Amino acid sequence: MNAKDYAINADDVFVLPEAVVKIKQLIDDQTASMSEIAEVINYDPAIMTQVLKISNSALYKFPATISTVSKAIQVIGTKAVYDLVLAYGVSNAFKSIPSNIIDLERFWERGVSCGLLAKYFAEELGVKEPERLFVCGLLHNIGELVILKFNPEAAVLCRQFDVNNTPLDIELTHLGFSYAEVAAELLKLWGLPIEIYQPIKRLHPSLATALTKEDQILQLSYLLSVNNVYKEHYKPHDRLSPYLYENLGLDLEQVNDALDLTNLQLMSAMAVFSPSTFSIF
């Protein structure tokens, strides 16, 4: 099977929560009012709680406590709430994956690290809607969970990366495609915005040319996050080609600053996202 085949199979098994679908429909419609969106979010206690947790987290650093969904929408914006609700829905769709066959803490640490880096670079470079890049980073590797469901033997083999073999090397060896390709195909089937699944599809510079600044940011963030999370195998700058950051107008010092800052945020972000329970918000 190819990446799209796996995504089609996953689409039949994993489904977005009904409330997430309703919120997505309201915001996609572009005629819904803020109060209507808030009402649907408030109707689902889990989504409401996560929106408030994230709004009050270090990701936004708002000086006063945000205690209502309406206020959260005002502060971080409708599109940001939309992206974060979609990310919650995607993660929730995979809640049936047993935690005893994959280290979910490590899995989501990589996603959160990539997301934080992508959001940081987007903000530094003045990219609109930096939260959307956070979601791209967060979800870039959900293809691993799909393969784990439908081809667990291959998923186990794909975890055997080391100092000489990157995760991508191993994925291509045992699958013939990357986890990111599966993720992008599934997110597309679910109707998520092209601005989320397209950069994920172009995640790897060796497989796809970056066509937008968002693509470039995610490619850089991915490589840094893999090195950052798997320190037992990789050093911070392993395989870091200068063009990945120089094309964005960045230098190595700015890249190091991004790593330092997002690593300070990582523990608190992981606490908010609670990956060990597979309810990342």
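Reference entry: report on the structure contained in this document. Not measured: the values here are computed from a predicted model.

### Considering the overall build of the chain
1) Next: Tallying secondary structure elements over the chain gives 16 helices and zero strands in all.
2) Next: Computed over C-alpha atoms, the radius of gyration of the chain comes to 18 Å, within 12% of the 19 Å expected from 2.2 N^0.38 for 281 residues, which places it in the range of a compact globule.
3) Next: Along the three orthogonal principal directions, the C-alpha set of the chain runs to about 55 × 45 × 35 Å.
4) Next: For the chain, buried positions account for 54% of its 281 residues.
5) Next: A separation threshold of at least 6 residues defines the contact pool for the chain, and within that pool the share at least 24 residues apart is 69%.
6) Next: Element-wise, carbon and sulfur atoms account for 51% of the exposed surface of the chain, whose accessible area totals about 12300 Å².

### Remarks on the packing of aromatic side chains
1) Next: This model, assessed by the stated rule, comprises six aromatic pairs.
2) Next: On the basis of an interplanar angle of 90 degrees and a centroid distance of 5.0 Å, the ring pair of F107 and W108 is categorised as edge-to-face.
3) Next: Between F161 and Y230, the ring centres sit 4.8 Å apart and the planes meet at 70 degrees, which makes this aromatic pair edge-to-face. Of this pair, F161 sits in the loop between helix 10 (152-158) and helix 11 (167-174) while Y230 sits in the loop between helix 14 (213-229) and helix 15 (242-246); the two residues are 69 residues apart in sequence, bridging distant segments of the chain.
4) Next: When its relative accessible area of 12% is taken as the criterion, F161 is described as buried.
5) Next: Cluster of aromatic residues (ring-pair linked, three or more members): F14, F94 and W190.
6) Next: In this structure, R239 is placed above the aromatic ring of Y234, and the distance from its NZ or CZ to the ring centre is 4.6 Å.

### What about the pattern of salt bridges?
1) Next: Going through the model one piece at a time under the given rule, you end up with nine salt bridges.
2) Next: Of the charged contacts in the structure, one is a salt bridge between D28 and K24, with a shortest N-O distance of 2.7 Å. Residue D28 and its partner K24 are both found in helix 2 (residues 18-29); the two are separated by four residues, about one turn of the helix.
3) Next: Judged by its relative accessible area of 14%, K24 is buried.
4) Next: Between E129 and R132 there is a salt bridge whose closest N-O contact spans 3.8 Å.
5) Next: With a relative accessible area of 28%, E129 lands in the partly exposed category.

### Section: the state of the cysteines
1) Next: This model, assessed by the stated rule, comprises zero disulfides.
2) Next: C136 provides the cysteine sulfur closest to C114, a residue in no disulfide bond, and the two sulfurs are 8.8 Å apart.
3) Next: Among the residues examined, C136 registers a relative accessible area of 0% and is labelled buried.

### Comments concerning a negative patch on the surface
1) Next: Judged by side-chain charge, E124, E246, D251, E253, D257 and D260 come together as a negatively charged surface patch.
2) Next: The element that contributes the greatest number of residues to the negative patch is helix 16 (residues 252-273), accounting for three residues.
3) Next: Note that D260 resides in helix 16.

### Points about helix 12 (residues 179-189)
Because each turn of an α-helix spans 3.6 residues, side chains separated by three or four positions end up pointing in the same direction.
1) Next: Most of helix 12 sits inside the fold, with eight of its 11 residues counted as buried.
2) Next: Taken from the residues just after helix 12, G191 is the one with a positive phi, measuring 80 degrees.

### What about the nonpolar core?
1) Next: Within the largest apolar cluster, 104 residues are counted, with the highest numbers of intra-cluster contacts made by F94, L187 and W190.
2) Next: Discounting residues that sit within four places of it in the chain, W190 has contacts with D11, F14, V15, L16, K24, V90, A93 and F94.

### Quick look at the side chain of H204
1) Next: Tracing the chain through its elements places H204 in the loop between helix 13 (194-201) and helix 14.
2) Next: Look past the residues within four positions of H204 in its chain and what remains in contact with it is L168, S178, A180, Q219 and Y222.

### Overview of unusual backbone geometry
Excluding glycine, a negative phi dihedral is what most residues carry, and trans is how most peptide bonds are arranged.
1) Next: Here the phi dihedral of E129 falls at roughly 55 degrees; this positive angle occurs in a residue that is not glycine.
2) Next: Of note, E129 is situated in the loop between helix 7 (104-124) and helix 8 (130-139).
3) Next: Its identity is not glycine, yet R239 carries a phi of approximately 60 degrees, on the positive side.
4) Next: Its location among the elements puts R239 in the loop between helix 14 and helix 15.

About the criteria used
- Positions within a chain are numbered from 1, following the residues in the order the chain's sequence is written.
- A pLDDT threshold of at least 70 governs which residues receive local features in this predicted model, and a stricter bar of 80 or more applies before side-chain atom pairs are shown or counted, although totals over entire chains, interfaces and linings include all residues.
- Processing note: side-chain calculations cover all non-hydrogen atoms of the structure and skip hydrogens and water entirely.
- A run of H or I in DSSP becomes a helix once it reaches four residues, and a run of E becomes a strand once it reaches two; helices and strands are each numbered from the N terminus.
- Each radius of gyration is computed over the set of C-alpha atoms, and the globule rule expresses the reference value as 2.2 Å times the number of residues to the power 0.38.
- Note on exposure labels: buried denotes an accessible area under 20% of the residue type's maximum, exposed denotes more than 50%, and partly exposed covers the range between, all computed with a 1.4 Å probe on protein chains only.
- Contact criterion: two residues are considered in contact whenever any of their non-hydrogen atoms come within 4.5 Å of each other.
- The method behind every accessible area is Shrake-Rupley, applied with a 1.4 Å probe, and residues are considered shielded solely by the protein chains displayed.
- Only Phe, Tyr and Trp rings are paired, with Trp represented by its six-membered ring, and only when their centres lie within 6.5 Å; those with planes under 30 degrees apart are stacked, over 60 edge-to-face, the remainder tilted.
- Placement of a positive charge over a ring is assigned whenever Lys NZ or Arg CZ falls within 6 Å of the ring centre and within 35 degrees of the normal to the ring plane.
- Throughout this description, the term salt bridge denotes a Lys or Arg side-chain nitrogen within 4 Å of a carboxyl oxygen of Asp or Glu.
- We call a pair of cysteine sulfur atoms a disulfide when they lie within 2.5 Å.
- Residues qualify for a patch when their relative accessible area is over 30% and they have no salt bridge, like charges being joined within 9 Å and the nonpolar side chains of Val, Leu, Ile, Met, Phe, Trp and Tyr within 5 Å.
- As used throughout, the charge tally considers Lys and Arg to be positive and Asp and Glu to be negative, leaving His and the chain termini uncounted.
- For charged residues, the charge sits on one atom: NZ in Lys, CZ in Arg, CG in Asp, CD in Glu.
- Only buried residues count toward a nonpolar core, which is a set of Ala, Val, Leu, Ile, Met, Phe, Trp, Tyr and Cys residues joined through side-chain atoms within 4.5 Å.

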